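Breakdown of the fold
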Amino acid sequence: MHLKGIIAADKSAVETGDWKRGEIPRPKWPSRRAKAKAYKYGPLYQWRVISFVAEGHDCRVLLLFNEAKQIFRASLGVVRGGETLVICDYEYHASEPGWHCHARCADLSKLNQAHNRFGGVRLPKTNAYHRRVEFRHLKQPLSAQTAFNCAISIFRIDKAGGMV
C-alpha cells in the first residue's frame, strides 16, 4: 500500500476527535521513539486527531493549528507495531513560500518508522512556484473549522460513509 492508496481508499470507523490544547496523549499518536517534547505545544496551538481505517490500516491525521502564527499542519500516519509511521505532512507556515507537502510515496512496508521525512519529497520544491501562497482554504480564511475541513478534504476522509 502506498500514500495514494491510503488517500484513495474507502474510509471506515472514522472518529473526528475534538480540538484541544496542551500535551497530546501518546495513545492518540502512538510512538515509543518520540521524545516527550514532540507531544507538547504552547497555549496558542490547537491540535486534533482524526482516526480511521483504510484498507485494513489503522490511520491517523494529526492536525496542528496556530491561527496567530499562521501555522497549519495535517500529518497523515499509519499505526504499525505501536508506532505511527508518518507518510505525509500537508502544511502552511508563514515563514515558507506557501502551502506544501512532504510525502513519502514508497510502499508502506519499505518505509523506516524511525525516519519521519527521510526518503520523502517536498511538493512543490522550496524554490519552485507555489500556486497557493495565502493562508486560506476554499477561499475562506483559515480557522479551526476550515483547518478541519481542509484536512478531511485533502486526505479524502470526507468521502467516508457517515461523514457530514
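Here, the structure is the one placed above.
The notes below deal with the structure included here. Computed from a predicted structure; not experimentally measured.

Concerning the overall build of the protein chain
Broken down by element type, the protein chain carries two helices and nine strands. Along the protein chain, helices and strands appear, N-terminal first, in the series α-β-β-β-β-β-β-β-β-β-α. Burial statistics for the protein chain: of 164 residues in total, 43% are counted as buried. For the protein chain, contacts bridging at least 24 residues in sequence account for 55% of all contacts bridging at least 6. Summed over all atoms, the accessible surface of the protein chain reaches about 9000 Å², with 52% contributed by carbon and sulfur.

Concerning the packing of aromatic side chains
All told, the structure shown has five aromatic pairs when counted by the stated rule. Consider the rings of W19 and F65, whose centres lie 6.1 Å apart with planes at 50°: the pair is tilted. Within this pair, whereas W19 is found in the loop between β1 (11–15) and β2 (46–54), its partner F65 is found in strand β3 (residues 57–66), the two being separated by 46 residues in sequence. For W19, a relative accessible area of 22% puts it in the partly exposed group. Residue class for F65 comes out buried when judged on its relative accessible area of 0%. Where Y92 meets W99, the ring centres are 5.4 Å apart and the plane angle is 40°; that geometry is what we call tilted. For Y92, a relative accessible area of 6% translates into the label buried. Exposure remark for W99: the relative accessible area of 5% places this residue in the buried category. The rings of F72, Y90, Y92 and W99 are connected pair by pair, giving a single aromatic cluster. When the ring centre of F148 is taken as reference, the NZ or CZ atom of R48 above it lies at 4.0 Å.

Reading guide: rules and limits
Residues numbered from 1 in each chain as written. Predicted model: local features only at pLDDT ≥ 70, side-chain atom pairs only at ≥ 80, totals over all residues. Heavy atoms only, no water. Helix = DSSP H or I, 4+ residues; strand = E, 2+ residues; numbered from the N terminus. Buried < 20%, exposed > 50% of the residue type's maximum accessible area, 1.4 Å probe, protein only. Contact = heavy atoms within 4.5 Å. Areas by Shrake-Rupley, 256 points an atom, 1.4 Å probe, with all protein chains shown as cover. Phe/Tyr/Trp six-rings, centres within 6.5 Å; stacked < 30°, edge-to-face > 60°. Lys NZ or Arg CZ within 6 Å of the ring centre and 35° of its normal.

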